[in-house]
Amino acid sequence: MSNASEKPTGLIFFPAFDWAISPTHPEREERLLYTRDQIFEEGIMDLPQVSEYTPVLATTHDIAMTHFCVPRVEDQVTEAHLIAAGAAILLADEIVSGQIKNGFALVRPPGHHSMRVVHGNRGFCNINNEAIMVNYLRRRKGIKRVAIIDSDVHHGDGTQDIFWHDPDVLFISFHQDGRTIFPGTGFTNELGGPGAYARTINIPLPPGATDESLLYIVDNLILPVLSDFKPDFIVNSAGQDNHFTDPLGSMRFTAQGYARLTEKLRPDLAVLEGGYAIETALPYVNMGIILALAGLDYSAVLEPDYQKFKESADLAGQVHRMVDQLLQRWAKRDQVSISQSDMTGNYFQHTKRIYYDTDNIQENQLEKLRLCDNCPGYLSIETKANHGYGQTGGKALCLSIPIDACASCRTEAADLYEKAKKARTYSYVYLQDKSADLFLGYDTANGKEWRSEGS
Ligand SMILES: [Zn+2]
Ligand SMILES: [Zn+2]
């Protein structure tokens, strides 16, 4: 048996040369090219502590076990998306099988704004690389409890949506206050569904927050919560737009701050999300993260205009109060009471309006969770998207059975699927059965069903 600390850190670079929203868009291939140059110049790839992998493609089945892509997975993803998700899966596989001690998927397109239902691109994301990888590990590798820590300047609203009702996936996001930045969510009162209360934790930071606040949150909130939750696998959605030079964010984190975060958090796998200061931040932040993952000295990783920012007493006070409040919620995580006004029969339900900024789509959802004493319950989502100019994509019904569903929830959801096919009320009907690793989709207009199964 070799000591875990002797195993290398796995890296995948995938700049996705052939995918861009537009040629001048901030989310473009140069984001990774500068990092790659820097890492080669510093000789990082020659170190025995680092091992580079070539990415593989995720399958459309992997995507369909996380997302309801309307009408089909193939309509929402390109090969670049499959590679970005496949890279995360490959490194996760290597970590679980003990080939590497941890990993960093330096990939694009990013994913953390992609929600469970996908009608198009939101916040530069089509599919959620981390969520797809996490669901893969749980279906195929017997991993039960996962924690995802999102360190992007934007709230990880897609990841939050996907695991909102999941008691075994802890999602913690710290980000710039949603009143001042896209997507406008991620407040402290967003805490997860009734069966997964406080397994979603949001820390909206005032603009201008520095490494001091970042590390305060890690030491006083994230690490204590992780020590209670005891995840089998820790993921870092590594967004780097909290950097002080980022053109989209207004925060003041540095490469040293990000590296220290990584050292403290000890994620099994980091997956790149945002970060748009392609010369002044990304090469340094990425280098800091890689060195920290590999257990190497990162103290010399300093941006050209590095400075040690001092937090104001006022801002620090706000952050300390927020951390206290969230720790109280966490302590009471098993004492949720459900308001009867949110219930219809056995279902906990709410409506959602989701805006796709990149593709200008407005989606309306009615989400219902079947409350069950024996399992987390299945989810039913009615979705309708308005693509602008009066075009609508028709209505779809999405049914999702959790991995540890009880037999009666499985039967009930499968019956609903068959009924909805016959009723012809929906343009598309989907059944995602995680407990059986099975996906079914039905196109009402053509009377065609498609299915995929885990192999
Ligand atoms: Zn971002
Ligand atoms: Zn059940």
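Going by the structure above, here's the rest.
Note that the structure is a prediction, hence the values are computed from the model and not measured.

Cut-offs used in this document
Residues numbered from 1 in each chain as written. Chains lettered and ligands numbered in written order. Predicted model: local features only at pLDDT ≥ 70, side-chain atom pairs only at ≥ 80, totals over all residues. Heavy atoms only, no water. Axes fitted to C-alpha atoms, helices over the stretch in contact; angles between N-to-C directions. Helix = DSSP H or I, 4+ residues; strand = E, 2+ residues; numbered from the N terminus. Parallel < 35°, antiparallel > 145°, perpendicular 65-115°, else oblique. Left-handed = near helix turned anticlockwise from the far one by under 90°. Contact = heavy atoms within 4.5 Å. Salt bridge = Lys/Arg side-chain N within 4 Å of Asp/Glu carboxyl O. Buried < 20%, exposed > 50% of the residue type's maximum accessible area, 1.4 Å probe, protein only. Nonpolar A, V, L, I, M, F, W, Y, C, P; charged D, E, K, R; others polar. Lys, Arg positive; Asp, Glu negative; His and termini not counted. Polar contact = N/O pair within 3.5 Å; in protein donor to acceptor, adjacent residues only side chain to side chain. Core = buried A, V, L, I, M, F, W, Y, C linked by side-chain atoms within 4.5 Å. Donors = N, O, S within 2.8 Å, 3.2 Å for Na, K, Ca; no water. Tetrahedral: all angles 85-135°; square planar, octahedral: opposite > 155°, others 65-115°. Pairing = 2+ DSSP bridges. Phe/Tyr/Trp six-rings, centres within 6.5 Å; stacked < 30°, edge-to-face > 60°. Lys NZ or Arg CZ within 6 Å of the ring centre and 35° of its normal.

## Observations regarding the packing of helix 7 (residues 211-229) against helix 8 (residues 255-265)
Here is step 1 of the chain: At a minimum axis distance of 10 Å, the contact between helix 7 and helix 8 shows a crossing angle of 10 degrees. Between helix 7 and helix 8, the crossing angle belongs to the class labelled roughly parallel. Helix 8 is crossed by helix 7, and the crossing has right-handed handedness. Facing Asp-211, Leu-214, Leu-215, Val-218, Asp-219, Ile-222, Leu-223 and Leu-226 of helix 7, the residues of helix 8 in contact are Gly-257, Tyr-258, Arg-260, Leu-261, Lys-264 and Leu-265.

## Comments concerning the pattern of salt bridges
Here is step 1 of the chain: Throughout the structure, instances matching the rule amount to 25 salt bridges.
Here is step 2 of the chain: A salt bridge links Arg-31 to Glu-27, with the shortest nitrogen-to-oxygen separation between them at 2.7 Å.
Here is step 3 of the chain: Judged by its relative accessible area of 1%, Arg-31 is buried.
Here is step 4 of the chain: With its nearest N and O atoms 3.1 Å apart, the salt bridge here joins Arg-451 to Glu-453.
Here is step 5 of the chain: Through salt bridges that share partners, Asp-62, Arg-139, Arg-140 and Asp-437 make up one connected network.

## Topic: the packing of helix 1 (residues 30-41) against helix 9 (residues 282-293)
Here is step 1 of the chain: One can describe the packing of helix 1 onto helix 9 by two numbers: an axis separation of 8 Å at closest approach and a directional angle of 55 degrees. Between helix 1 and helix 9, the interaxial angle falls into the category oblique. In the packing of helix 1 onto helix 9, the handedness of the crossing is right-handed. Mapping the contact onto sequence places Arg-31, Tyr-34, Thr-35, Gln-38 and Ile-39 in helix 1 and Leu-282, Pro-283, Tyr-284, Asn-286, Met-287 and Ile-290 in helix 9.
Here is step 2 of the chain: Considered class by class, the residues forming the contact of helix 1 with helix 9 number 7 nonpolar, 3 polar and 1 charged.

## Observations regarding unusual backbone geometry
Here is step 1 of the chain: A cis amide bond links Val-70 to the next residue, Pro-71, at an omega of -5 degrees.
Here is step 2 of the chain: Mapped onto the elements, Pro-71 comes out in the loop between strand 3 (68-69) and helix 3 (73-76).
Here is step 3 of the chain: Going from Phe-182 to Pro-183, the amide bond is cis rather than trans, its omega being 0 degrees.
Here is step 4 of the chain: Take Pro-183: it is sitting in the loop between strand 7 (169-176) and strand 8 (200-205).
Here is step 5 of the chain: In this structure, Arg-424 is a non-glycine residue whose phi angle is positive, near 60 degrees.
Here is step 6 of the chain: Examined against the element boundaries, Arg-424 turns out to sit in the loop between helix 11 (407-423) and strand 16 (428-433).
Here is step 7 of the chain: Although it is not a glycine, Asp-437 adopts a positive phi angle of roughly 55 degrees.

## Observations concerning the side chain of Asp-241
Here is step 1 of the chain: Following the sequence through the fold, Asp-241 ends up in the loop between strand 9 (233-238) and helix 8.
Here is step 2 of the chain: Put simply, Asp-241 is tucked away with no salt bridge, and the nearest opposite charge, on Arg-31, sits 6.8 Å away.
Here is step 3 of the chain: Polar side-chain contacts of Asp-241 include one of 3.1 Å to the side chain of His-154.
Here is step 4 of the chain: If we ignore the near neighbours within four places in the chain, the residues touching Asp-241 are Asp-152, Val-153, His-154, Asp-246, Gly-249, Tyr-258, Gly-274, Gly-275 and Tyr-276.

## Comments concerning the nonpolar core
Here is step 1 of the chain: Ranked by size, the top nonpolar core spans 64 residues in total, and within it Phe-104, Phe-174, Ile-203, Leu-205 and Ile-222 carry the most contacts.
Here is step 2 of the chain: If we skip the residues at most four places from it in the chain, Phe-174 touches Ile-149, Asp-150, Ser-151, Asp-152, Ile-203, Leu-205, Leu-214, Ile-222, Asn-242, Phe-253 and Leu-261.
Here is step 3 of the chain: Core analysis: the second largest hydrophobic core is formed by 60 residues, Tyr-53, Ile-89, Leu-91 and Phe-348 among them.

## Focus on the coordination of the zinc ion (ligand 1)
Here is step 1 of the chain: Looking at the zinc ion (ligand 1), one finds its protein donor set to be Asp-152 (OD), Asp-152 (OD), His-154 (ND1) and Asp-241 (OD), positioned 1.9 to 2.8 Å from the metal centre.
Here is step 2 of the chain: For the zinc ion (ligand 1), the 4 donor atoms in the first shell make angles of 52 to 152 degrees at the metal, a pattern classed as irregular.
Here is step 3 of the chain: All donors to the zinc ion (ligand 1) come from one chain, and their sequence spacing reads D-x1-H-x86-D. With a gap of 87 residues between them, His-154 in the loop between strand 6 (146-150) and helix 6 (157-163) and Asp-241 in the loop between strand 9 and helix 8 connect regions that are remote in the sequence. As far as burial versus exposure is concerned, His-154 and Asp-241 are alike and both buried.

## Side note on the coordination of the zinc ion (ligand 2)
Here is step 1 of the chain: The zinc ion (ligand 2) binds to the protein through Cys-372 (SG), Cys-375 (SG), Cys-406 (SG) and Cys-409 (SG), with metal-donor distances spanning 2.3 Å.
Here is step 2 of the chain: Because the angles between the 4 donor atoms bound to the zinc ion (ligand 2) fall within 101 to 117 degrees, the donor set is best described as tetrahedral.
Here is step 3 of the chain: Look at where the donors of the zinc ion (ligand 2) fall in the sequence and you get C-x2-C-x30-C-x2-C. Linking Cys-375 in the loop between strand 13 (361-370) and strand 14 (379-386) with Cys-409 in helix 11, this pair joins segments that are 34 residues apart in sequence.
Here is step 4 of the chain: What makes Cys-375 buried here is its relative accessible area of 9%.
Here is step 5 of the chain: Owing to a relative accessible area of 1%, Cys-409 belongs among the buried residues under this scheme.

## Looking at the sheet that holds strand 2 (residues 50-52)
Here is step 1 of the chain: Reading across from one edge, 2-1-4-10-9-6-7-8 is the order of the 8 strands in this open sheet, with parallel pairing throughout. Lying at the two open borders of the sheet, with one neighbouring strand each, are strand 2 and strand 8. The mean inter-strand angle of the sheet, taken between neighbouring strand axes irrespective of direction, is 15 degrees.
Here is step 2 of the chain: Strand direction decides the pairing type here: strand 6 and strand 7, joined by 5 bridges, are parallel. Bridge pairing in strand 7 places Val-146 opposite Val-169.
Here is step 3 of the chain: Seen against the sheet, helix 5 (residues 129-140) touches strand 4 (102-107), strand 6, strand 7, strand 9 and strand 10 (269-272) and runs at an angle of roughly 170 degrees to strand 9.
Here is step 4 of the chain: Contacts from helix 9 reach strand 1 (9-14), strand 2, strand 4, strand 9 and strand 10 within the one sheet, and its direction differs from that of strand 4 by about 160 degrees.

## Let's talk about the packing of aromatic side chains
Here is step 1 of the chain: For the coordinates displayed, the defined rule picks out 8 aromatic pairs.
Here is step 2 of the chain: An angle of 45 degrees between the planes, with centres 6.0 Å apart, marks the rings of Phe-68 and Tyr-430 as tilted. Of this pair, Phe-68 sits in strand 3 while Tyr-430 sits in strand 16, placing them 362 residues apart in sequence.
Here is step 3 of the chain: When its relative accessible area of 0% is taken as the criterion, Phe-68 is described as buried.
Here is step 4 of the chain: Three or more aromatic residues link up through ring pairs in this structure, and these residues are Phe-68, Tyr-428, Tyr-430 and Phe-439.
Here is step 5 of the chain: Stacked on the ring of Trp-450, the Lys or Arg Arg-72 has its end atom at 4.3 Å from the ring centre.
Here is step 6 of the chain: Across from the ring centre of Tyr-442, 5.3 Å away, lies the NZ or CZ of Lys-421, which sits over that ring.

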